[in-house]
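The chain contents come next:
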Amino acid sequence: MSTARFLKARDIAPWLEELGREYTVLAPTRHGDTVVFREFEPERGIELDRLSTTPAKKALLPPCETLFEYATTKTDTPPYRTSIELRPTLPEGKILLFGTRPCDARAMQIFDRVYDGEQVKDPYYTARRNAATIVTLACSGQAGTCFCDRVGGSPVDATGSDVLLTPLKAGYVAEALTEKGMELMRDTAFMKADGLRQEALNVRNRILEEVPERTSFLDMERNLLSLFGDLGFWDKTAESCLSCGACTYLCPTCYCFNITDEPHGDSGKRIRTWDNCMSSQFTLEGSGHNPRPTKAHRMRNRIGHKFSYYPQLHDKTLACVGCGRCISNCPVSFDIRNAVACAIQHAAANAQEHAHD
Amino acid sequence: MTSNPPNVYLPDMATIQEVIQETPAIKTFRVTLNNADRMQAFSFEPGQVGQLSVIGVGESTFVINSPPTRKEYLQFSVMKVGELTSRLHTLKAGDQIGVRAPLGNAFPYDSMRGRDIVFVGGGIGMAPLRTLLLYMLDNRAEYGKITLLYGARSPHDMAFSYEVEEWLQRDDMHTVLTVDNGTPEWQHKVGLIPNILKEIGPSPENAVAVTCGPPIMIKFTVQALQELGFGDEQIVTTLEKRMKCGVGICGRCNIGSSYVCKDGPVYTLAQLKELPGEM
Ligand SMILES: Cc1cc2nc3c(=O)[nH]c(=O)nc-3n(C[C@H](O)[C@H](O)[C@H](O)COP(=O)(O)OP(=O)(O)OC[C@H]3O[C@@H](n4cnc5c(N)ncnc54)[C@H](O)[C@@H]3O)c2cc1C
Ligand code: SF4
Ligand code: SF4
Ligand code: FES
């Protein structure tokens, strides 16, 4: 049995409030002039009109998370041996992500290939991921900085979502796409709306028609390899960058983390925190040696990772979902679209040159 | 409580059995895992590494440098360079550390069988080479001529001196020592590793060179090997890159699409040439 329901806009907040008893609910809410993705509270309301400034990734990889707690005990008789007990703190409980956009949901699958891979599984991530239901809202249109269509997605793409919401007048058609999605929709009081499926599809098709024809960034992973040795190109590309890292913290697909210990007397915890490859500290070694000493090296790695390295390792899937957050929030307006387009052109020119050698 | 899947971030607690002061800056730790079953089942291959934790301070990467054929303990040699390594140096027999091991790949010792082996180690870079060397000495008949060039800043910076003496005596290997700065008592070479290497001039014929040391030393050693006629497939090195997770997730250690913690730390020069130059 397929499950489609019609969600009236004004019924959503009370529903999320009710779900809050069973799930940790995260949703986009207004915060001053911006929209942030965070734990839903009725008084804060939800804001579905524009893409949130902060991505939904923190639901699965919190900015700061405890891996284990430890306690040290010393015997008080000779030979005064110390013993250390480690207690892992695995996350528990169901999570509902409401109002993610297609790019954010796609980004979760980019995490999955790394954190829930065939060889290695991250137990903290997988615990959250398996307990998470993702309700995605199809975008009514692309903003100026959006380019999901150039990286394999679209404003109505359902990849990675459990439920897809399509905006109609005064509400949304919610279509369950997975077992988890069905479970969520089945237990609601919302009106059954299988008859509205066709209308929802029409709406999505109209949205797709608005997407402009433009060059894609897919299938460039091999071409870009020729630029690795051309540090001059990256020097120019990174010229204005401040190495502040805003782009990495706000990126829904950036997943690097640091691990550090926080002692409090004889006990404490080991935590992991989001990290930022645009910082010179990221690869600095004890001897003072730094394999990525300049911002050119670091920009090469950030763009290389998203448009060449990751797709080489993961079936050509790009590790950029085209959300545009790094563009709209960069203090010097660095535009990754231009950088990649330029890199592709440059690589093609290099290839031509070699062909004439 | 058992977790499913296994928790890749949770160290095994281990007890330091013995600490050996190798040089003023290098100490060797022999440790056993507290869980006897885990210790019994522990196996690794030469070249693989471990993350050592001083709980409450942090974690860093060190080569397991006991030969896999000797199973009573795991051995790590640690050069004091910063925060964690300084704390490790304060630990004594009986103290507790965390161990996540084995991680990473191993030396291609199978494909090295039947070939001449040239080891070139600088400073603490001797640690990973030592494991492979001891493995080969334990299986001596399977390998051709073995040459070792080991260099350090000065005579008292030479680690593993108790073994180096033995290696010098052996007639089934050729050992050459060099220091940057000699002393009146020093009876071996004085000079930079790449120059001494060219002086010894090992033949590339059916040979493999394995080198490890500081990045700058590796760079010039590789050049020297190339001058001697070693091809890219015949040069093997092991890289140091900052690591955190050690299992290919945290994104710290990559060179291009290769993650040193799981695809490395051992690479041939041919493999490295495919990657951006971020040594
Ligand atoms: C694969 C591999 C094998 C290694 N094997 C050995 C070994 O057998 N013996 C040995 O003495 N050292 C070895 N190292 C280097 C060792 O990991 C560093 O010296 C150590 O991490 C320094 O830690 P610190 O906290 O004392 O230094 P700090 O400078 O205080 O550390 C700051 C941070 O940088 C990292 N870091 C600093 N220097 C290095 C480095 N050279 N390589 C990687 N990370 C670094 C640390 O982990 C820490 O996160 C190895 C490194 C790698 C990657
Ligand atoms: S946000 Fe802009 S300035 Fe800051 S690190 Fe990213 S590209 Fe550089
Ligand atoms: S790189 Fe920029 S556009 Fe691409 S997913 Fe990250 S923040 Fe969005
Ligand atoms: S150390 Fe985390 S990816 Fe290699």
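Per chain, residues are indexed from 1 in the order of the written sequence. Whichever chain is written first becomes A and whichever ligand is written first becomes 1, with later ones labelled in order. Reporting of local features is limited, given that this is a predicted model, to residues whose pLDDT is at least 70; pairs of side-chain atoms are given and counted only at 80 or more, and all residues count toward the totals for whole chains, interfaces and linings. Water and hydrogen atoms were dropped before computing side-chain values, which therefore reflect all heavy atoms in the structure.

**Description of the overall build of chain A**
Put simply, DSSP H or I for four residues or longer makes a helix, DSSP E for two residues or longer makes a strand, and each gets a number counted from the N terminus. Tallying secondary structure elements over chain A gives ten helices and twelve strands in all. Each radius of gyration reported is based on C-alpha atoms, and the globular scaling rule is 2.2 Å times the count of residues to the power 0.38. In summary, chain A has a C-alpha radius of gyration of 23 Å against a globular reference of 21 Å for 357 residues, a match within 12%. For chain A, the spread of C-alpha atoms along the three principal axes comes to 80 × 65 × 40 Å. Burial classes follow relative accessibility: with a 1.4 Å probe on protein chains only, a residue under 20% of its type's maximum area counts as buried, one over 50% as exposed, and anything between as partly exposed. Expressed as a percentage of its 357 residues, the buried residues of chain A come to 54%. The contact criterion used is simple: two residues touch if any of their non-hydrogen atoms lie within 4.5 Å. Across chain A, the fraction of contacts at a sequence separation of at least 24, relative to all contacts at a separation of at least 6, is 70%. Where accessible areas are quoted, they stem from the Shrake-Rupley method and a 1.4 Å probe; at the residue level, only the protein chains shown are allowed to cover. Put simply, chain A shows about 16200 Å² of open surface, and 50% of that area lies on carbon and sulfur atoms.

**Quick word on the site of ligand 3**
Neighbouring ligand 3 are the residues F147(A), C251(A), P252(A), K306(A), C320(A), V321(A), G322(A), C323(A), G324(A), C326(A) and I336(A). Considered class by class, the residues forming the shell around ligand 3 number eight nonpolar, two polar and one charged. Any residue with a heavy atom positioned within 4 Å of a molecule or strand is treated as near that molecule or strand. Each residue gets one of three labels, nonpolar for Ala, Val, Leu, Ile, Met, Phe, Trp, Tyr, Cys and Pro, charged for Asp, Glu, Lys and Arg, and polar for the others, Gly among them.

**Considering the site of ligand 2**
Close to ligand 2 lie C241(A), L242(A), S243(A), C244(A), G245(A), A246(A), C247(A), C330(A), P331(A), V332(A) and F334(A), which account for all nearby residues. A class-by-class count of the residues in the shell around ligand 2 yields nine nonpolar, two polar and no charged.

**A closer look at the sheet that holds strand β6 (residues 96-103) of chain B**
Residues and elements named next belong to chain B. What the six strands build is an open sheet, ordered β4-β3-β6-β1-β2-β5; its pairing is antiparallel. Looking along the sheet, the strands with just one partner apiece sit at the ends: β4 (58-63) and β5 (74-79). Across this sheet, the average inter-strand angle for adjacent strands is 40°, counted without regard to direction. Only strands that DSSP links by at least two bridges are regarded as paired with each other. Sheet topology places strand β3 (residues 49-54) next to β4; six bridges connect them, and they run antiparallel. Bridge pairing in β4 places V49 opposite V63. Helix axes are fitted to C-alpha atoms over the stretch in contact, other axes to C-alpha atoms as well, and angles between N-to-C directions run from 0 to 180 degrees.

**Let's talk about the interface of chain A and chain B**
Contacts between the two partners involve 44 residues from chain A and, on the opposite side, 38 residues from chain B. A buried area of about 3600 Å², summed over both sides, lies between chain A and chain B, and 59% of it is on carbon and sulfur atoms. Using a 1.4 Å probe, buried area is obtained as the accessible area two parts lose upon being combined, added over both of them. On the chain A side of the interface with chain B, the three residues burying the most area are I84(A), F257(A) and R270(A), jointly 13% of the side's total. When a carboxyl oxygen of Asp or Glu is within 4 Å of a side-chain nitrogen of Lys or Arg, the pair counts as a salt bridge. Inspection of the region where chain A meets chain B yields four salt bridges. Note that D275(A) and R252(B) form a salt bridge whose closest N and O atoms lie 2.3 Å from each other. In protein, a polar contact means a hydrogen-donor-capable atom and an acceptor-capable atom, both N or O and within 3.5 Å, with residues adjacent in sequence counting only if both atoms are side-chain atoms; elsewhere, any N or O pair within 3.5 Å suffices. Counting across the interface, chain A meets chain B through 17 residue pairs in polar contact (both at pLDDT 80 or more). Contributions of two or more residues to the side of chain A that touches chain B are made by β4 (64-74), β5 (82-88), α2 (102-115), α3 (123-130), β11 (257-264), β12 (267-274) and α8 (295-313) of chain A. At seven residues, the largest contribution of residues to the side of chain A that touches chain B is made by α8(A).

**Describing the pattern of salt bridges**
Pairs may arise between side chains of opposite charge once their charged atoms sit close together. For the coordinates displayed, the defined rule picks out 40 salt bridges over all chains. E18(B) is the partner of R30(B) in a salt bridge, and the nearest nitrogen-oxygen pair spans 3.5 Å. With R30(B) in strand β2 (residues 26-33) and E18(B) in strand β1 (residues 12-21), this residue pair connects regions lying twelve residues apart in the sequence. Salt bridges sharing common partners tie together E65(A), D122(A), R128(A) and R272(A).

**Thoughts on the sheet that holds β12(A)**
Residue and element names in this part refer to chain A. Taken in spatial order, the four strands line up as β5-β4-β12-β11 in an open sheet, and their pairing is antiparallel. Where the open sheet ends on each side, the last strands, each with one partner, are β5 and β11. For this sheet, the mean angle separating the axes of adjacent strands, direction not counted, is 20°. Here β4 runs beside β12; their pairing, made up of seven bridges, is antiparallel. Within the sheet, the bridge partner assigned to A71 lies in β12 and is S267. Seen against the sheet, α3 touches β4, β5 and β12 and runs at an angle of roughly 130° to β4.

**With respect to the nonpolar core**
For soluble globular proteins, the rule of thumb is that nonpolar side chains tend to be buried together. Residue types Ala, Val, Leu, Ile, Met, Phe, Trp, Tyr and Cys, when buried and joined through side-chain atoms within 4.5 Å, form a set referred to as a nonpolar core. Core analysis: the biggest nonpolar cluster contains 54 residues, and L97(A), Y115(A), F257(A), Y9(B) and I249(B) have the highest contact counts within it. Listed by contribution, the elements that provide at least two residues to this core are β4, β5, β6 (94-100), α2, α3, β7 (132-137) and β11 of chain A. Here this core gets eight residues from one element, more than from any other, and that element is α2(A). Those residues in contact with L97(A) that sit more than four places away from it in its chain are L26(A), F37(A), A56(A), A59(A), M108(A), T133(A), I134(A) and V135(A). In this structure, M136(B), Y143(B), A159(B) and F160(B) belong to the second largest nonpolar core, which totals 35 residues.

**Re the pairing of strand β12 (residues 235-238) of chain B**
A regular strand places its side chains so that they alternate between the two faces of the sheet. All names here are of chain B. Burial along β12 is two-sided: I235 and T237 facing one way and V236 and T238 facing the other are all buried. The pairing of strand β11 (residues 207-212) with β12 spans three bridges and is classified as parallel. Looking at the pairing, T211 lines up with T237 of β12. Seen with its strands pointing away from the viewer, a crossover is right-handed when the path leading from the first strand over the helix to the second is clockwise. The handedness of the β11 to β12 crossover, carried by helix α6 (residues 215-227), is right-handed. Pairing between β12 and strand β15 (residues 266-268): three bridges, direction antiparallel. What sits directly across from T238, in β15, is V266.

**Structural notes on the domain arrangement of chain A**
All names here are of chain A. Where each domain begins and ends follows an automated or database-derived domain assignment. Domains assigned within chain A are domain 1 (3-62 + 91-209) and domain 2 (221-356). Every contact between the two is made by 29 residues of domain 1 and, on the other side, 28 residues of domain 2. Each partner contributes to the roughly 2500 Å² buried at the junction of domain 1 and domain 2, and carbon and sulfur atoms together form 61% of this total. Among the residues domain 1 hides against domain 2, the three largest losses belong to K57, I110 and F147. Together they make up 24% of the total.

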